[in-house]
Amino acid sequence: MSDSPAEGSARLLVQCPDRPGIVASVSDYLYRHGANILQGDQHSTDGENPQFFMRIEYDLDGLSTPAEEVAAGFGAAVASKFNMQWRVSYSADRPRIAILCTREPNCVLDLLWRARTEELEADIAMVISNREILRPLAERFNVPFEHLPVTRETKVEQEKAMLDLLRGRVDLVVLARYMQILTPMFLGEYPQKVINIHHSFLPAFAGADPYGQAEERGVKIIGATAHYATAELDAGPIIEQDVVRVTHRNARTDLMRLGREVERMVLARAVRWHIEDRVLVYDNKTVVFH
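Engineer: Looking at this structure, how should I read the packing of helix α3 (residues 106-116) against helix α8 (residues 252-275)?
Structural biologist: Between two packed helices, what matters for the description is the angle formed by their axes and the separation of those axes. Taken N-terminus to C-terminus, the directions of α3 and α8 make an angle of 45°; their axes are 9 Å apart at the nearest point. By the angle between their axes, α3 is oblique relative to α8. Handedness of the crossing formed by α3 with α8: right-handed. Residues N106, C107, D110, L111 and R114 of α3 touch α8, and the partners they reach there are R260, E263, R264, L267, A268 and V271.

Following this line, the structure appears as structure tokens:
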């Protein structure tokens, strides 16, 4: 994060129990510091314990107080009154992403290309794989490639080696068809910062070989799901999903081809929304401000 950002915008994310006065208090605080609000989104849940979610983006140009002081003062001035979970980030900061993969190139190539062309405002810091097959792809984009083979017996050591590579170097880990289940040890170091792409419309066809399962069931739509990885396989908070229609004429190879197209789009959207601070997690669900 920049020490004293002066250009671009800031993003304030808020999550707290719902009650009157939240929007007014947040808006008034920003107004008193000269902040011009560029975009504001909010959502409230129903039920016995309603929750409030907000994302506000404000311009840093014209602030009467340095940006880091505005952010630091928000806690005492507003957040403490409403029992808020909150954070501030800046558009000038480029998140650093690590891609974990095995042998499927489609999502890896797509993310590398989007980062190269600035469609994703982030830097791909490294590609880590348990196989060597995708090394030429990473090197084509001048991205460091790390080969860390894994077996059932060496899984703990392999994950420790990955964490040694990642600590302090990346802000987000993307599982681009990484065909390994991460342990709670690994996930505990990156809570809600590991995004997985699963090649089915969850919760249908979780686990291995979803295209085979889809063919056996004769489904009429197939899809892909991007979600935050948790200790429970394919059960983390869902960020984005999409589908494509299929028919009885589509063989398994057709399902895989069509599915790969959906996977790329779904994963790219989820990564972009995460790095733009558009995702808030609550009760194993997400609020996504598009």
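Having seen it, we continue.
Engineer: Quick question: what am I supposed to make of the sheet that holds strand β4 (residues 85-90) here?
Structural biologist: What holds strands together in a sheet is hydrogen bonding between their backbones, with the strands either parallel or antiparallel. One open sheet accounts for four strands, arranged β2-β3-β1-β4; its pairing is antiparallel. Each end of this open sheet is capped by a strand with a single partner; those strands are β2 (36-44) and β4. Geometrically, the sheet is characterised by an average inter-axis angle of 10° between neighbouring strands, direction not taken into account. Pairing of strand β1 (residues 9-17) with β4 involves six bridges; the strand directions are antiparallel. Pairing of Q15 across the sheet is with Q85, part of β4. Where helix α1 (residues 22-32) meets the sheet, its contacts fall on β1, β2 and β3 (51-59), and the angle it forms with β3 comes to roughly 20°. Against the sheet, helix α2 (residues 67-82) touches β1, β3 and β4, its axis set at about 165° to β4.

Engineer: Explain the pairing of strand β13 (residues 285-288) here, please?
Structural biologist: Looking along a regular strand, one sees side chains alternate from face to face of the sheet. With four bridges joining them, strand β12 (residues 279-282) and β13 adopt antiparallel strand pairing. Looking at β13, one finds that V281 is bridged to T286. Hairpin geometry of β12 and β13 is characterised by an intervening segment of two residues between the two adjacent antiparallel strands and by a positive phi of about 55° at D283.

Engineer: Just to check I follow, could you spell out the side chain of T65 for this structure?
Structural biologist: If you trace the backbone, T65 turns up in the loop between β3 and α2. With sequence-adjacent residues up to four places away left out, T65 is seen in contact with H33 and V70.

Engineer: So what exactly am I meant to see when it comes to the pairing of strand β10 (residues 221-228) here?
Structural biologist: When you tally the buried positions in β10, you get seven out of eight residues, the bulk of the element. Examined bridge by bridge, strand β9 (residues 194-198) and β10 share four bridges and lie antiparallel to one another. Its bridge partner being in β10, N196 is matched across the sheet by H227.

Engineer: Would you mind going over the sheet that holds strand β6 (residues 123-129) with me for this structure?
Structural biologist: A sheet is described by the order of its strands in space; here seven strands give the open sequence β7-β6-β5-β8-β9-β10-β11, paired in mixed fashion. The open sheet has two edge strands, β7 (145-147) and β11 (238-245), and neither has a second partner. Here the average twist between neighbouring strands, direction ignored, is 20°. Relative to β6, strand β5 (residues 96-101) runs parallel, the two being bridged by six bridges. Across the sheet, the residue bridging to I97 is I124, located in β6. The sheet contacts of helix α5 (residues 155-166) involve β5, β6, β7 and β8 (172-175), and relative to β6 the element is tilted by about 165°. Those strands touched by α8 are β5, β8, β9, β10 and β11, and its axis lies near 155° from that of β11.

Rules and cut-offs
Residues numbered from 1 in each chain as written. Predicted model: local features only at pLDDT ≥ 70, side-chain atom pairs only at ≥ 80, totals over all residues. Heavy atoms only, no water. Axes fitted to C-alpha atoms, helices over the stretch in contact; angles between N-to-C directions. Helix = DSSP H or I, 4+ residues; strand = E, 2+ residues; numbered from the N terminus. Parallel < 35°, antiparallel > 145°, perpendicular 65-115°, else oblique. Left-handed = near helix turned anticlockwise from the far one by under 90°. Contact = heavy atoms within 4.5 Å. Pairing = 2+ DSSP bridges. Buried < 20%, exposed > 50% of the residue type's maximum accessible area, 1.4 Å probe, protein only.

These figures capture arrangement, not role.
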